[in-house]
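What the coordinates show
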Amino acid sequence: MSALHPGVHVLSCPTRWSDVDENGHINNARLVGYVQEGIYDMFCHHETAVRDALFPSGFIIARHEIDFLEQLYHRPEPLSVQLTVERIGRSSTHIVVDVCRDPLTFMRARTVVVARDRESGRSRKLSSNERSFLEAFMPDAVRVPAAQAVPAAPAAPVTGPPPQRVAARSGAALPHRTRRRCRASVA
């Protein structure tokens, strides 16, 4: 966690000249790589995860849902890859990852990470220590102690989908996209 962003795992990640595509901006596939680097850093390098030997058999990325919000250009200032936990299930957790360089958020991903059993290669139940670790990255409004958790209907997404664009061939104008501000956690 970061002193500037309590309850958020933050990885400082530089862009590289080799990440730039022929359009002059950071390639979308490389942006997904920043998301994966942030997840790996949180699950495998975070001081608590290492000290308590959490996720001993690793984890599997089961899903990425990605919104590319702004074009990102190579600059010397590193990116801030900010991770918060949106939901914790029996064997998985939903992570929200914002790739930012103040004041903008360039990409937001929602990723499902599943705890893995080494012997079977399948998912396994999260341990109580792993749950506690993940709960520390949940926004206060979402965090519910495990003892108080009550099964409920799935919650609506925190933010809606990005504005729909109208196909250019229809002759209609595309809506103007407002610049998005970098936020430390899910509002």
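The notes below deal with the structure included here. (Residues numbered from 1 in each chain as written. Predicted model: local features only at pLDDT ≥ 70, side-chain atom pairs only at ≥ 80, totals over all residues. Heavy atoms only, no water.)

The subject of this paragraph is the packing of aromatic side chains. Counted according to the given criterion, the structure contains 4 aromatic pairs. Relative to Phe55, the ring of Phe43 has its centre 4.7 Å away and its plane inclined at 55°; by these criteria the two rings are tilted. Of the two residues, Phe43 is situated in helix H1 (residues 28-45) and Phe55 in the loop between helix H2 (47-51) and strand S2 (59-68); the sequence distance between them amounts to 12 residues. Relative to Phe137, the ring of Phe133 lies with its centre 5.3 Å away and its plane at 75°, an arrangement referred to as edge-to-face. Members of the aromatic cluster, connected to one another through ring pairs, are Phe43, Phe55, Phe59, Phe133 and Phe137. (Phe/Tyr/Trp six-rings, centres within 6.5 Å; stacked < 30°, edge-to-face > 60°. Helix = DSSP H or I, 4+ residues; strand = E, 2+ residues; numbered from the N terminus.)

The linkage connecting Asp102 with the following residue, Pro103, adopts the cis geometry, with an omega of 5°. Note that Pro103 resides in the loop between strand S4 (92-101) and strand S5 (104-115). Of note in the backbone geometry, Phe55 takes a positive phi value of approximately 50° without being a glycine.

For the rest of this paragraph, the subject is helix H3 (residues 128-135). Residues of H3 that are buried: Glu130, Phe133, Leu134 and Glu135. Next to the buried residues of H3 lie H1, H2, strand S3 (79-88) and S4. (Buried < 20%, exposed > 50% of the residue type's maximum accessible area, 1.4 Å probe, protein only. Contact = heavy atoms within 4.5 Å.)

Bringing the sheet that holds S2 into the picture now. Spatially, S1-S3-S4-S5-S2 is the arrangement adopted by the 5 strands of the open sheet, whose pairing is antiparallel. Unpaired on one side and paired on the other, strand S1 (9-13) and S2 mark the two borders of the sheet. Looking at each pair of strands side by side, their axes are set apart by 25° on average, direction ignored. Summarising the sheet, S1 and S3 pair through 5 bridges and their orientation is antiparallel. Each residue of the ladder has a partner; that of Val10, found in S3, is Gln82. (Pairing = 2+ DSSP bridges. Axes fitted to C-alpha atoms, helices over the stretch in contact; angles between N-to-C directions.)

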